Amino acid sequence: MARKCSAMRAEEKLGGFATAKKHITVQYNERERSVNNLLSLIRRDVIENHGIADEDITEVNVYIKPEENAVFYVINNKLQGQIEF
């Protein structure tokens, strides 16, 4: 196994990109949604409409298709759903 260089080890200890605050916004046709907003909407949809408890969610995959005004998601590799973009 290759050793990590000292710069890589220092970055892991100090943070760098992995621990930096990130703000991601998807813009399309004069509309925009932040990733945090979309994740909140997905969480609410899953809990309220599909009866899954918050603590039972272990994996969330999101597919944003603004041209279709849709955000598709898969929870725990089982439950598929969709919300509006």
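Structure shown above.
Cut-offs and rules
- Residues numbered from 1 in each chain as written.
- Predicted model: local features only at pLDDT ≥ 70, side-chain atom pairs only at ≥ 80, totals over all residues.
- Heavy atoms only, no water.
- Helix = DSSP H or I, 4+ residues; strand = E, 2+ residues; numbered from the N terminus.
- Buried < 20%, exposed > 50% of the residue type's maximum accessible area, 1.4 Å probe, protein only.
- Contact = heavy atoms within 4.5 Å.
- Core = buried A, V, L, I, M, F, W, Y, C linked by side-chain atoms within 4.5 Å.
- Phe/Tyr/Trp six-rings, centres within 6.5 Å; stacked < 30°, edge-to-face > 60°.
- Lys NZ or Arg CZ within 6 Å of the ring centre and 35° of its normal.

Details of the overall build of the chain
Link 1 in the chain: The secondary structure content of the chain amounts to two helices and five strands.
Link 2 in the chain: Scanning the chain from its N terminus toward the C terminus, one meets helices and strands in the order α-β-β-α-β-β-β.
Link 3 in the chain: The buried share of the chain, reckoned over its 85 residues, is 20%.
Link 4 in the chain: When contacts within the chain are restricted to residue pairs at least 6 apart in sequence, long-range pairs at least 24 apart make up 30% of them.

A short note on the nonpolar core
Note that soluble globular proteins tend to have their nonpolar side chains buried in a common cluster.
Link 1 in the chain: One finds Val-26, Leu-38, Leu-41, Ile-42, Val-46, Val-71, Tyr-73, Ile-75, Leu-79, Ile-83 and Phe-85 forming the largest nonpolar core, which totals 11 residues.
Link 2 in the chain: Sorting the residues of this core by element identifies helix H2 (35-50), strand E4 (70-75) and strand E5 (79-84) as the ones contributing at least two each.
Link 3 in the chain: It is H2 that contributes the most residues to this core, four residues altogether.
Link 4 in the chain: Contacts of Val-71, omitting those with residues within four sequence positions, involve Leu-38, Ile-42, Val-62, Tyr-63, Ile-64, Gly-81, Gln-82, Ile-83, Glu-84 and Phe-85.

Regarding the environment of Leu-39
Link 1 in the chain: When you line up the elements, Leu-39 lands in helix H2.
Link 2 in the chain: Counting along the chain gives 32 residues from Leu-39 to Val-71, while the straight-line C-alpha distance between them is 10.0 Å.

Side note on unusual backbone geometry
Link 1 in the chain: At Glu-30, a residue that is not glycine, the phi angle is positive and equals roughly 65 degrees.
Link 2 in the chain: Looking at where Glu-30 falls in the secondary structure, it is placed in the loop between strand E1 (25-28) and strand E2 (31-34).
Link 3 in the chain: Even without glycine at this site, Asn-69 takes up a positive phi of about 55 degrees.
Link 4 in the chain: Note on placement: Asn-69 falls in the loop between strand E3 (60-65) and E4.
Link 5 in the chain: Of the residues examined, Asn-69 reaches a relative accessible area of 29% and is grouped as partly exposed.

Observations concerning the packing of aromatic side chains
Link 1 in the chain: Evaluation of the coordinates by the stated rule reveals zero aromatic pairs.
Link 2 in the chain: Above the face of the Phe-17 ring, Lys-22 is positioned so that its terminal group lies 4.9 Å from the ring centre.

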